[in-house]
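# Chains, contacts and geometry: an overview
Read off the chains here:
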Amino acid sequence: RNLLRDVNTHINVVLFVAQNVPNSDWEKKVTEYFKEKLKENNATNWVPSLNDVPVHYLKPNSLVKFRCMVQDMFDPEFYMGVYETVDPNTNARVLHFGKYRDVAECGPQQEIDLNSSQTVTSERQTFYCVPVPGESAWVKEISFLTGLVLFASQARVSPSTSYTPSRHKRSYEEDEDMDLHPSKQKEQHMGNGRSGGDIHGCVEPKRLETEASAGHHLISPNCSPPLDLNFPLPGEKGPACLVKVYESWDSFKVNDVLEVYGILSVDPVLSIVNNEESSALDPMECMDTAEEQRVHSPPASLVPRIHVILAQKLQHINPLLPACLNEEESKTFISNFMSELSPVRAELLGFLTHALLGDSLAAEYLILHLISTVYARRDVLPLGKFTVNLSGCPRNSIFTEHIYRIIQQLVPASYRLQMTIENMNQSRFIPHKDYTANRLVSGVLQLASNTSLVVDETQLEQGQLDATGVHNVTALGNLITWQKVDYDFSYHQMEFPCNINVLITSEGRSLLPSDCQVHLQPQIIPPNMEEYMNSLLTALLPSVLNKFRIYLSLLRLLDYSISDEVTKAVEEDFVEMRKNDPESITADDLHRTLLVARFLSLSAGQTTLSRERWLRAKQLEALRKGRLQQQKCVNGNEL
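Residues numbered from 1 in each chain as written. Predicted model: local features only at pLDDT ≥ 70, side-chain atom pairs only at ≥ 80, totals over all residues. Heavy atoms only, no water.

### As for unusual backbone geometry
Backbone geometry places N91, a non-glycine residue, at a positive phi of 65°. Inspection of the secondary structure assignment puts N91 in the loop between β2 (77-86) and β3 (93-97). Residue N91 is classed as exposed on the basis of its relative accessible area of 55%. Even without being glycine, N450 reaches a positive phi, approximately 75°. Structurally, N450 is set in the loop between β16 (439-441) and β17 (452-456). (Helix = DSSP H or I, 4+ residues; strand = E, 2+ residues; numbered from the N terminus. Buried < 20%, exposed > 50% of the residue type's maximum accessible area, 1.4 Å probe, protein only.)

### Quick notes on the side chain of D456
Relative to the elements of secondary structure, D456 occurs in strand β17. Under the relative-accessibility criterion, D456 is labelled buried at 0%. Separated by 2.9 Å, the side chains of D456 and T400 make a polar contact. A polar atom in the side chain of D456 sits 3.4 Å from the side chain of Q459. In contact with D456, other than residues within four places in its own chain, are T400, R416, L417, Q418, M419 and T505. (Polar contact = N/O pair within 3.5 Å; in protein donor to acceptor, adjacent residues only side chain to side chain. Contact = heavy atoms within 4.5 Å.)

### Looking at the sheet that holds strand β14 (residues 414-418)
Strand pairing in a sheet is mediated by backbone hydrogen bonds. Such pairs are either parallel or antiparallel. Spatial ordering of the open sheet is given by β14-β17-β20-β13-β21, a layout of 5 strands whose pairing is parallel. Lying at the two open borders of the sheet, with one neighbouring strand each, are β14 and β21 (516-519). Averaged over all adjacent pairs, the angle separating strand axes in this sheet is 20°, with direction ignored. Summarising the sheet, strand β13 (residues 388-391) and β21 pair through 4 bridges and their orientation is parallel. Paired with L390 across the two strands is V518, which belongs to β21. Together, β14, β17 and β20 (501-505) form the strand contacts of helix α12 (residues 399-410), whose direction differs from that of β14 by roughly 165°. (Pairing = 2+ DSSP bridges. Axes fitted to C-alpha atoms, helices over the stretch in contact; angles between N-to-C directions.)

### Let's talk about helix α10 (residues 341-355)
The terminal C-alpha atoms of α10 lie 21 Å apart, and with 15 residues this matches the ideal 21 Å at 1.5 Å per residue to within 8%. Taken as a whole, α10 has its buried residues at L341, V344, R345, L348, L349, F351, L352, T353 and A355. Buried residues belonging to α10 abut α9 (328-338), α11 (360-370), α12, α15 (529-539), α16 (542-555) and α18 (587-603). (Expected span 1.5 Å × (residues − 1).)

### Here's the deal with the pairing of strand β5 (residues 120-130)
Here strand β1 (residues 63-73) runs beside β5; their pairing, made up of 4 bridges, is antiparallel. Following the sheet pairing, V70 is matched in β5 by C129. In this sheet, β5 lies alongside β2 in antiparallel orientation, the contact comprising 5 bridges. Directly across from F78, in β5, lies its bridge partner E123. Relative to strand β8 (residues 241-245), β5 is paired through 5 bridges, and the arrangement is antiparallel. Of the residues in β8, the one forming a bridge with T126 is K244.

### With respect to the pairing of β20
A regular strand places its side chains so that they alternate between the two faces of the sheet. Burial runs high along β20: 5 of the 5 residues are buried. Alternating residues of β20 divide into N501, L503 and T505 and V502 and I504, and every residue in both groups is buried. Inspection of the sheet shows β13 paired to β20 by 3 bridges, in the parallel sense. Within β20, the residue paired with N389 across the bridge is I504.

### Comments concerning empty space enclosed by the protein
Per the counting criterion, the structure on display carries 5 cavities of 30 Å³ or more. In this model, the largest cavity occupies a volume close to 50 Å³. Along its surface, the largest cavity is lined by L356, A362, Y365, L366, V388, L390, L503 and V518. Counting only elements with at least two residues in the lining of the largest cavity, the list comes to α11 and β13. Here the element with the most residues in the lining of the largest cavity is α11; it accounts for 3 residues. Classifying every residue of the lining of the largest cavity by side-chain character gives 8 nonpolar, no polar and no charged. (1 Å grid on protein atoms, 1.4 Å probe; cavity = no way out; pocket = protein on both sides within 12 Å on 5 of 7 lines; lining within 4 Å. Points joined across faces, edges and corners; volume = space filled by probe spheres on them. Nonpolar A, V, L, I, M, F, W, Y, C, P; charged D, E, K, R; others polar.)

### Here we look at the environment of V455
Mapped onto the elements, V455 comes out in strand β17. Along the chain, V455 and L512 lie 57 residues apart, while their C-alpha atoms are 9.7 Å from each other.

### Overview of the environment of M424
In this fold, M424 is placed in helix α13 (residues 421-426). Look at M424 and you get buried, because its relative accessible area is 1%. For the pair M424 and L460, spaced 36 residues apart in sequence, the C-alpha to C-alpha distance is 9.8 Å. In this structure M424 touches Q418, M419, F429, L465, T468, G469, N472 and V473, once residues within four positions along its chain are discounted.

### Brief notes about a nonpolar patch on the surface
Taken together, V380, L381 and W482 make up a surface patch of nonpolar side chains, about 270 Å² in accessible area. Looking at the secondary structure, you find L381 in strand β12 (residues 381-383). By relative accessible area, L381 is classed as partly exposed at 41%. (Patch = residues over 30% accessible without salt bridge, like charges linked within 9 Å, V, L, I, M, F, W, Y side chains within 5 Å. Areas by Shrake-Rupley, 256 points an atom, 1.4 Å probe, with all protein chains shown as cover. Salt bridge = Lys/Arg side-chain N within 4 Å of Asp/Glu carboxyl O.)

### A closer look at the nonpolar core
L348, L352, L356, F386, F399, L410 and Y551 are the most contacted members of the largest nonpolar core, which totals 68 residues. Both of domain 2 (325-423 + 436-490 + 497-558) and domain 3 (561-638) provide at least three residues apiece to this core. Not counting residues up to four positions away in its chain, the partners in contact with L352 are A363, L366, I367, I406 and L410. Residues Y415, A475, L476 and C498 belong to the second largest nonpolar core, which totals 27 residues. (Core = buried A, V, L, I, M, F, W, Y, C linked by side-chain atoms within 4.5 Å. Domains from an automatic or database assignment.)

### Overview of the packing of aromatic side chains
Scanning the model with the defined rule gives 9 aromatic pairs in all. When the ring of F74 is compared with that of Y128, the centres are 6.1 Å apart and the planes differ by 35°; the resulting orientation is tilted. With F74 in the loop between β1 and β2 and Y128 in strand β5, this pair connects stretches of sequence that are 54 residues apart. With a relative accessible area of 6%, F74 lands in the buried category. Residue classification places Y128 among the buried residues on the basis of a relative accessible area of 6%. (Phe/Tyr/Trp six-rings, centres within 6.5 Å; stacked < 30°, edge-to-face > 60°.)

### With respect to the environment of R93
Inspection of the secondary structure assignment puts R93 in strand β3. Setting aside anything within four residues of it in sequence, one finds R93 in contact with E84, T85, V86 and D113. A distance of 3.2 Å separates polar atoms of two side chains, one belonging to R93 and the other to E84. Looking at R93, its side chain comes within polar contact range of the side chain of D113, at 2.8 Å.

Rendered as structure tokens:
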């Protein structure tokens with residue numbers, strides 16, 4: 001049977017049972033049912049995703065999924081969990097269920113009895129969710145194609161129109177009829193002059209993306225000025241959603257990355273506060289400002305609602321990796337990949353060496369940077385952050401742009417911040433609270449965990465930073481040093497911890513703090529930089545590129561430890577070095593060398609520190625420092 005139709009049928013059955021037996025233990029059974037159902041036969045890939053499919057192609061009240069970041073949390077809302085309707089003519093009463101709904105169900109001859117003793121008021125939490133900021137195109141493409149292939153195979157078993165470009169051409173009642181009578185569907189498609197290839201949703205990804213796109217501002221016929229979807233990064237595309245959670249919402253917080261499965265709600269009634277008719281509402285009956293109503297109740301066609309049945313935090317968003325690495329099947333996947341780790345690392349090192357113009361030392365440090373992550377916090381100190389300053393980059397060159405494009409092809413989420421005077425003075429880096437609209441206005445630094453942020457300082461020219469620019473540079477420095485962003489709530493600031501990989505490209509030593517400065521020493525100077533950099537990615541086989549992507553995502557999720565024996569050896573080594581030359585190594589140097597040793601071990605698939613890796617880390621650090629000293633002597637000043 002068609003799994004998707006089976007699931008949607010069960011939703012309707014559940015709702016029917018619930019409203020007829022409101023006191024039954026159905027809620028727990030619903031969650032358990034869907035958990036089990038979604039484990040079967042790649043079922044999670046069969047559920048239509050709002051990340052891939054435009055909302056107008058999807059059936060209202062059907063099961064959908066959404067991969068997203070929590071951008072804001074609205075106030076909890078109360079709804080009628082159970083309510084009673086009465087027919088004035090016959091006095092017949094019917095109990096209804098309000099969970100997973102936005103609008104109360106009431107027949108034409110019925111009225112809701114607000115004074116009924118059967119009424120149960122319940123509470124739910126609303127999250128404003130956006131697609132993961134800076135999500136790489138390859139993540140979207142692989143997720144889309146995986147779902148499309150499975151959907152196509154499903155459609156061959158039993159045709160369905162829940163995901164076809166002609167969805168908006170007919171009513172949903174007709175659509176249900178088409179499900180039962182595929183011949184009618186075929187006739188209608190032929191009548192519309194459409195090819196049979198579109199019936200199963202096999203449309204071009206570019207076309208779907210275009211139709212699903214949503215810019216930072218969307219113009220609704222009922223909204224003026226345009227609706228701001230509040231994406232953290234400029235130029236982002238995709239839907240924003242109001243995600244309504246019914247249980248355990250305390251376990252989710254702002255900036256968490258979630259995958260939610262729930263019931264899609266796009267009832268036009270939800271847009272009533274955006275209509276001109278809303279001006280007729282009695283101000284005494286509503287405490288919300290007009291702006292708050294507009295932001296919290298946007299048109300459902302632009303900001304659909306999802307009533308969550310299941311929600312889970314994501315460890316990562318790499319579609320090439322199992323979602324949960326603790327399951328038995330995932331352990332087999334990890335074991336198989338780890339067995340071929342050495343050649344993958346060697347190939348990646350060679351690839352990055354070519355990208356960094358033949359500099360193998362810089363390539364080593366770039367790998368260590370890309371697998372780094374904050375693994376713990378000791379008081380206010382984030383442990384595991386490894387911000388690298390790649391100095392010696394050509395000024396005003398396309399080199400840094402292409403380095404970012406390569407990183408973009410390797411990591412699931414990234415953003416390139418061009419550090420120009422104009423950007424520093426005009427961009428909104430820090431999220432702030434808008435009390436009029438009662439929402440958190442996003443900023444560039446509101447990013448999901450494990451996002452790669454490439455700060456291009458080669459774009460910086462002479463000029464003056466205004467108050468905003470100084471504030472932004474300070475925020476960027478705090479992010480690098482403390483891995484936190486202080487959100488502006490007007491009367492106070494609130495710390496939001498983060499885990500962002502920051503790579504700074506600069507000509508000389510960066511103005512921003514960093515954990516490690518690596519000075520680039522090109523071994524080759526291509527006559528045509530753009531052609532050279534483009535050829536690197538073109539020559540890379542897709543299968544090899546996917547191995548690089550798995551490698552970088554997987555290694556940052558592995559546990560790591562240092563045995564007591566090795567810890568003692570490291571301490572003795574440090575004391576010995578201090579004894580020979582007290583000025584040659586400081587506590588900061590020891591901390592950095594331990595970090596290098598940590599990521600060097602993980603890069604080789606080793607989850608404990610060995611004597612060999614410790615010596616190799618010391619060697620890399622000696623080479624890096626020697627290069628900086630050499631450059632300092634050449635220039636006569638510190639880089």
